[in-house]
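# What the coordinates show
Single-letter residue listing:
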Amino acid sequence: MKTGAGSRSTFPGFVATSPQAQHCLTVLIRGGEFRSSNFVVPITDGGLKISGGVTNGKFVPPSDGSHGIYGEPLELPGGLTGVGAVSRFMGSVGTVVSRVQAVKPLVINDLMAFDLTLFLRIHVHNPLVGGECYIGSPSTPLEVRMQRIEGEKNIPTLVRKGIPSGVIAIGNVNVAAKNFPVPTASGAGPRGAFNTIVNLRASLPNNGSSSSLSVRSEAFLAQNPDYVGD
């Protein structure tokens, strides 16, 4: 999508999408956390972004293979052992980095209500587990339905300052999901030799009784100037 110099310079992120998309949507995550029992991964400001197109209320993913989800590397507090001092003593071997990925395009259930279903996996990287360790897979993803958190402090606000004409910006969009199953890890180390270590560290499998994902975000919607119709 081409949003013009003003749009691009004012805030990050509209991603090129199909000319069949009527609108361009970007959701910038400003903070949050993923939780599985006592295993918690903080999501930093800018650590996750949703971007793509929207046509007749349906999501149109970008053509870059991302499925519309862009995750940055997130360092796991406590590292490999869960005890910060011990993991730091281990050096780089004790550091664990995770990245959220989509395995297929998200589903917009109700755009005005900020109701989305995401299909995710978590890439876990560490010198011991290697680069092919995942929690979730294309066939068994984390199916996460994000819905707006109710309450007076969570009422979305219309942002006007610094926003280009033709762009709708909504702030204070606080959404969450809970009680979704989280499968066991796969691909940790040679032939999955360290799968058990990852599962113990991440409290997996989780049948959904103690899982949650909550985020604070800003949402931007604009007409797609490259839209050519059906």
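Residues numbered from 1 in each chain as written. Predicted model: local features only at pLDDT ≥ 70, side-chain atom pairs only at ≥ 80, totals over all residues. Heavy atoms only, no water.

### A look at the confidence of the model for the protein
Here the protein shows a mean pLDDT of 84. Residues at 70 or above account for 84%. Mean pLDDT across the elements of the protein bottoms out in helix H2 (residues 84-89) (37) and peaks in strand S10 (residues 142-148) (97). Long-range and interchain partners of residues 1-12, a stretch whose pLDDT sits below 50, account for 29 contacts in this model, where long-range means more than four residues apart. In the model, residues 83-92 has pLDDT below 50 throughout and makes 13 contacts with residues more than four positions away in sequence or in other chains. (pLDDT = per-residue confidence, 0-100. Helix = DSSP H or I, 4+ residues; strand = E, 2+ residues; numbered from the N terminus. Contact = heavy atoms within 4.5 Å.)

### A closer look at unusual backbone geometry
Cis geometry is adopted by the peptide bond preceding Pro205, which originates at Leu204 and carries an omega value of 0°. Looking at the element boundaries, Pro205 is found in the loop between helix H3 (195-201) and strand S14 (211-223). The backbone of Asn56 shows a phi angle near 50°, a positive value even though the residue is not glycine. Mapped onto the secondary structure, Asn56 falls in the loop between strand S3 (48-55) and strand S4 (58-60). Take Asn56: its relative accessible area is 63%, and that puts it in the exposed class. Non-glycine residue Asn179 carries a positive phi angle of around 60°. Turning to its location among the elements, Asn179 is positioned in the loop between strand S12 (167-178) and strand S13 (185-186). Residue Asn179 is classed as partly exposed on the basis of its relative accessible area of 47%. (Buried < 20%, exposed > 50% of the residue type's maximum accessible area, 1.4 Å probe, protein only.)

### As for the pattern of salt bridges
Under the defined criterion, the tally for this structure stands at 5 salt bridges. In this structure, Asp45 and Arg30 form a salt bridge, with 3.1 Å as the shortest nitrogen-oxygen distance. Here the residue Asp45 occupies a position in the loop between strand S2 (39-43) and S3, and Arg30 occupies one in strand S1 (residues 23-36), the gap between them amounting to 15 residues. Linking Glu218 and Arg30 is a salt bridge whose minimum nitrogen-to-oxygen distance equals 3.0 Å. Here the residue Glu218 occupies a position in strand S14, and Arg30 occupies one in strand S1, the gap between them amounting to 188 residues. A residue is classified by how much of its surface remains accessible, and Glu218, at 26% relative accessible area, is partly exposed. (Salt bridge = Lys/Arg side-chain N within 4 Å of Asp/Glu carboxyl O.)

### Some points on the pairing of strand S9 (residues 130-135)
Judged from the 4 bridges that link them, strand S8 (residues 115-126) and S9 form a sheet pairing that is antiparallel. Bridge pairing in S9 places Val124 opposite Cys133. Connecting the antiparallel pair S8 and S9 is a turn made up of 3 residues. Pairing of S9 with S13, which is carried by 2 bridges, proceeds in the antiparallel orientation. Paired with Tyr134 across the strands is Ser186, a residue of S13. (Pairing = 2+ DSSP bridges.)

### Here's the deal with the environment of Ser212
Inspection of the secondary structure assignment puts Ser212 in strand S14. Placed 179 residues apart in sequence, Ser212 and Glu33 show a C-alpha to C-alpha distance of 8.1 Å. Apart from residues no more than four positions distant in its own chain, Ser212 is found in contact with Glu33, Phe34, Arg35, Ala177, Lys178 and Phe180.

### Remarks on the nonpolar core
In this structure, Phe34, Ile135 and Leu142 are the most contacted members of the largest nonpolar core, which totals 45 residues. When residues in this core are grouped by element, the largest group, 5 residues, is from S8. Excluding its chain neighbours within four sequence positions, the residues that come into contact with Ile135 are Arg121, Ile122, Val124, Leu142, Val182, Pro183, Thr184, Ala185, Ala202 and Leu204. One finds Leu28, Ile163, Phe220 and Ala222 within the second-largest nonpolar core, a separate group that totals 6 residues. (Core = buried A, V, L, I, M, F, W, Y, C linked by side-chain atoms within 4.5 Å.)

### Some details on the packing of aromatic side chains
All chains considered together, the criterion is met by 1 aromatic pair. Measuring from centroid to centroid gives 6.4 Å for Phe34 and Phe180, while their planes differ by 35°, and the two rings are tilted. Of the two residues, Phe34 is situated in strand S1 and Phe180 in the loop between S12 and S13; the sequence distance between them amounts to 146 residues. Residue classification places Phe34 among the buried residues on the basis of a relative accessible area of 9%. A relative accessible area of 4% means that Phe180 is categorised as buried. The aromatic ring of Tyr70 is capped on one face by Lys49, whose charged end is 5.4 Å from the ring centroid. Here the guanidinium or amino end of Lys104 rests over the ring plane of Phe119, the centre of that ring lying 4.3 Å away. (Phe/Tyr/Trp six-rings, centres within 6.5 Å; stacked < 30°, edge-to-face > 60°. Lys NZ or Arg CZ within 6 Å of the ring centre and 35° of its normal.)

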